[in-house]
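# Breakdown of the fold
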Amino acid sequence: MEVFKTVINYVLGLGSAVFVPLIILILGLIARMPFKKAFMSALTLGIAFTGMSMLIGFMSNAVSPASEALAKNTGINLPALDLGWTGAASITWAWSYAFFFFAVVLIVNFVMLVFNWTKTLNVDMWNVWGKALTAYLVFFVSGSLTAGFLTATVQVILELKMGDMFQRHIQDLTGIPLVTVTHIMNISAVLLMPFNWVLDQIPFFNKKADTNALKKKIGIFSENSVMGFIIGLLLGFAAAYGVSKSLNLAVQIATAMALFPMISKLFMQSLSPLADAMSEFMKRKFKDREVFIGLDWPVLAGRSEIWVTAILLVPVFIGYSIILPGNVVLPLAGIINYSIAVGGLLLTGGNLYRMLVLGVISMPLYVYSATYFTPILTSLADKTGAVEGIKRGQEITWSSIEGPELRILFAEAFNGRVLAIIGAVLFLGLFVVLYKYMNKLPVPSERYKEETK
């Protein structure tokens, strides 16, 4: 076991920009791609992930201090420290059972592919820690390690089925064939779906409102860089930065917004040859059966709707943390809530109006979920000592924790709470409804009417 841990730790230490492309290289060779072509696909994917990670980090480093300043201007003092996903990941990997979830992910995916219960091959092994985190959260609340493993298994199944249901929508949004996203953050679409149905009944929300459609209405103001500049300037003024500092923030966000689409093209350049090779391989071996490549969410990061939504919701997130009674966390490291933005993008097809409304409606869930998870993550951090520079007993959490509804409902259900059991059953029922809904729904480019003047 120790040898296995050492090997896995070494591979994980390479980082997702090396780990995932390595898997892609192996898949390409299995699909009989020439080594040169497979290597270039893998290398380009590594470059795409590295570039996107740099941009996301650049964006977060620009926005987080402004968010902190905005919060400090209110004079609030909330005790739980928001470490974001990086802190949660480092804590989770220190749990003694974390490495077992590689086997859980691989076995479940293999069985589902063999029995044709999914078309998705999840190669996003980097995010195995998310399944381990779910297991620990359920184990902490219920006291049952078995319940933790069962819930993590359910999560793996749901991620694969989300890969299936969202694939054609992701292909339409990105232009990348046979690629999908298997990240748990997509599950936010389950609870957003009923609210989206309500918006279906309002004519205003049934017109194209992605950034491309907005270009016809507001011209230059819909350009990624201009939108980023305006949003950054407003955020800077809200944080009382002053003119100079606000302008610098505006240019930083404009820079990131302008570069996101450029980096996203590298994903298409790297994955399209692999998709073609995998398609031909499946036709030869499995009688025209399709297989989708499941990846992390940054393949969608070139869609500017994600960033416009996430940044515009920053003041909303902080506002909720101030006014909601019982909250203990000030969103900082997790202030850019990708869960709402990515789930909203896939559900609405990039309709900015809907994404913003759905974000405002659902944001309190993340505030209270972060409060709920505070003693759990604090306990794990104290046991493992995985977070350097944090005093023992310091409350820590993750303000935009992904899939909180799934994790809380199953944790409390296995704890014997009747309402949680009912809630978990209803949640799974809604997931089935979402699955059918997304399979029937037209792809984003065909979904909404163009607004006539």
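On a predicted model such as this, the values are computed, not experimentally measured, just so you know.

The rules behind these values
- Residues numbered from 1 in each chain as written.
- Predicted model: local features only at pLDDT ≥ 70, side-chain atom pairs only at ≥ 80, totals over all residues.
- Heavy atoms only, no water.
- Helix = DSSP H or I, 4+ residues; strand = E, 2+ residues; numbered from the N terminus.
- Buried < 20%, exposed > 50% of the residue type's maximum accessible area, 1.4 Å probe, protein only.
- 1 Å grid on protein atoms, 1.4 Å probe; cavity = no way out; pocket = protein on both sides within 12 Å on 5 of 7 lines; lining within 4 Å.
- Points joined across faces, edges and corners; volume = space filled by probe spheres on them.
- Pairing = 2+ DSSP bridges.
- Axes fitted to C-alpha atoms, helices over the stretch in contact; angles between N-to-C directions.
- Contact = heavy atoms within 4.5 Å.
- Left-handed = near helix turned anticlockwise from the far one by under 90°.
- Nonpolar A, V, L, I, M, F, W, Y, C, P; charged D, E, K, R; others polar.
- Core = buried A, V, L, I, M, F, W, Y, C linked by side-chain atoms within 4.5 Å.
- pLDDT = per-residue confidence, 0-100.
- Salt bridge = Lys/Arg side-chain N within 4 Å of Asp/Glu carboxyl O.
- Phe/Tyr/Trp six-rings, centres within 6.5 Å; stacked < 30°, edge-to-face > 60°.
- Lys NZ or Arg CZ within 6 Å of the ring centre and 35° of its normal.

## Side note on unusual backbone geometry
- A positive phi angle, near 55°, is found at L178, a position not held by glycine.
- Relative to the elements of secondary structure, L178 occurs in the loop between helix 7 (145–174) and strand 3 (179–181).
- A relative accessible area of 12% means that L178 is categorised as buried.
- Phi angles above zero are rare outside glycine, and A240 is one such case at about 60°.
- Tracing the backbone shows A240 in the loop between helix 10 (224–238) and helix 11 (243–286).

## Digging into empty space enclosed by the protein
- With the rule as written, the count across this model stands at 2 cavities of 30 Å³ or more.
- The computed volume of the largest cavity comes to approximately 90 Å³.
- Together, 13 residues line the largest cavity, and N127, G130, K131, H183 and I184 are the ones closest to its centre.
- Looking at the lining of the largest cavity, the elements that each hand over two or more residues are helix 6 (128–142) and helix 7.
- No other element matches helix 6, which puts 3 residues into the lining of the largest cavity.

## Details of the sheet that holds strand 2 (residues 120–122)
- If you trace the 3 strands from one edge of the open sheet to the other, you get 2-4-3, paired in parallel fashion. Edge positions in the open sheet fall to strand 2 and strand 3, since each of these has one partner strand only. Here the strands of the sheet are splayed against their neighbours by 35° on average, with no regard to which way each runs.
- When strand 3 meets strand 4 (residues 292–295), the two strands line up parallel, connected through 3 bridges. The residue of strand 4 that forms the bridge with T180 is G294.
- Helix-sheet contacts for helix 7 involve strand 2, strand 3 and strand 4, and the interaxial angle to strand 3 is about 125°.

## Observations regarding the packing of helix 6 against helix 16 (residues 404–414)
- At a minimum axis separation of 8 Å, helix 6 and helix 16 run at an interaxial angle of 35°. Crossing geometry of helix 6 relative to helix 16 is assigned as right-handed. Residues G130, L133, T134, L137, V138, V141 and S142 of helix 6 form the contact with helix 16, whose participating residues are R407, F410, A411, E412 and F414.
- Considering only residue class, the contact of helix 6 with helix 16 consists of 7 nonpolar, 3 polar and 2 charged.

## Considerations on the environment of I422
- When you line up the elements, I422 lands in helix 17 (residues 418–440).
- For I422, a relative accessible area of 44% gives the class partly exposed.
- In this structure, the C-alpha to C-alpha distance between I422 and L409, residues 13 residues apart in sequence, is 8.9 Å.

## So, the nonpolar core
- Formed by 146 residues in total, the largest nonpolar core has its most connected members in M59, W307 and L434.
- Counting residues per element, this core draws most heavily on helix 3 (residues 35–72), at 15 residues.

## What to know about the environment of P79
- Tracing the sequence through the fold places P79 in the loop between helix 3 and strand 1 (81–82).
- Measuring from C-alpha to C-alpha, the distance between P79 and N327 comes to 9.5 Å, with 248 residues separating the pair along the chain.
- Not counting residues up to four positions away in its chain, the partners in contact with P79 are V328, Q394 and E395.

## Here's the deal with the confidence of the model for the protein chain
- Residues of the protein chain with pLDDT of at least 70 account for 90%, and the chain-wide mean is 86.
- Within the protein chain, helix 17 carries the highest mean pLDDT (97), whereas helix 1 (residues 2–13) carries the lowest (62).

## Focus: the pattern of salt bridges
- Counted under the stated rule, the structure contains 6 salt bridges.
- Here K131 ties to E159 by a salt bridge, and the two come within 3.0 Å at their closest N and O atoms. Separated by 28 residues along the polypeptide, K131 in helix 6 and E159 in helix 7 bring together distant segments of the chain.
- Residue class for K131 comes out buried when judged on its relative accessible area of 3%.
- A relative accessible area of 2% places E159 in the buried class.
- When the shortest N-O distance is used, the salt bridge between D164 and K161 registers 3.5 Å. With D164 and K161 both in helix 7, this residue pair falls 3 residues apart, about one helical turn.

## With respect to the packing of aromatic side chains
- Within this structure, the stated rule accounts for 21 aromatic pairs.
- Arranged with centres 6.2 Å apart and planes meeting at 25°, the rings of W95 and F101 form a pair that is stacked.
- With a centroid separation of 5.1 Å and an interplanar angle of 85°, the aromatic rings of F204 and F205 are classed as edge-to-face.
- Three or more aromatic residues link up through ring pairs in this structure, and these residues are W95, Y97, F100, F101, Y136, F139, F140 and F149.
- A cation over an aromatic ring shows up here: K245 above the ring of Y241, its NZ or CZ 4.5 Å from the ring centre.

## Observations concerning the layout of surface pockets
- The space that makes up the largest pocket amounts to roughly 710 Å³.
- Residue lining of the largest pocket: 32 residues in total, with I56, W85, T86, W297 and Y338 positioned closest to the centre.
- Considered class by class, the residues forming the lining of the largest pocket number 16 nonpolar, 13 polar and 3 charged.
- Empty space within the second largest pocket amounts to approximately 600 Å³.
- Lining the second largest pocket are 22 residues, with L27, I30, L113, L121 and M278 positioned closest to its centre.
- Mapped by element, the contributors of at least two residues to the lining of the second largest pocket are helix 2 (16–30), helix 5 (100–114), strand 2 and helix 11.
- In the lining of the second largest pocket, the residues fall into 19 nonpolar, 2 polar and 1 charged.

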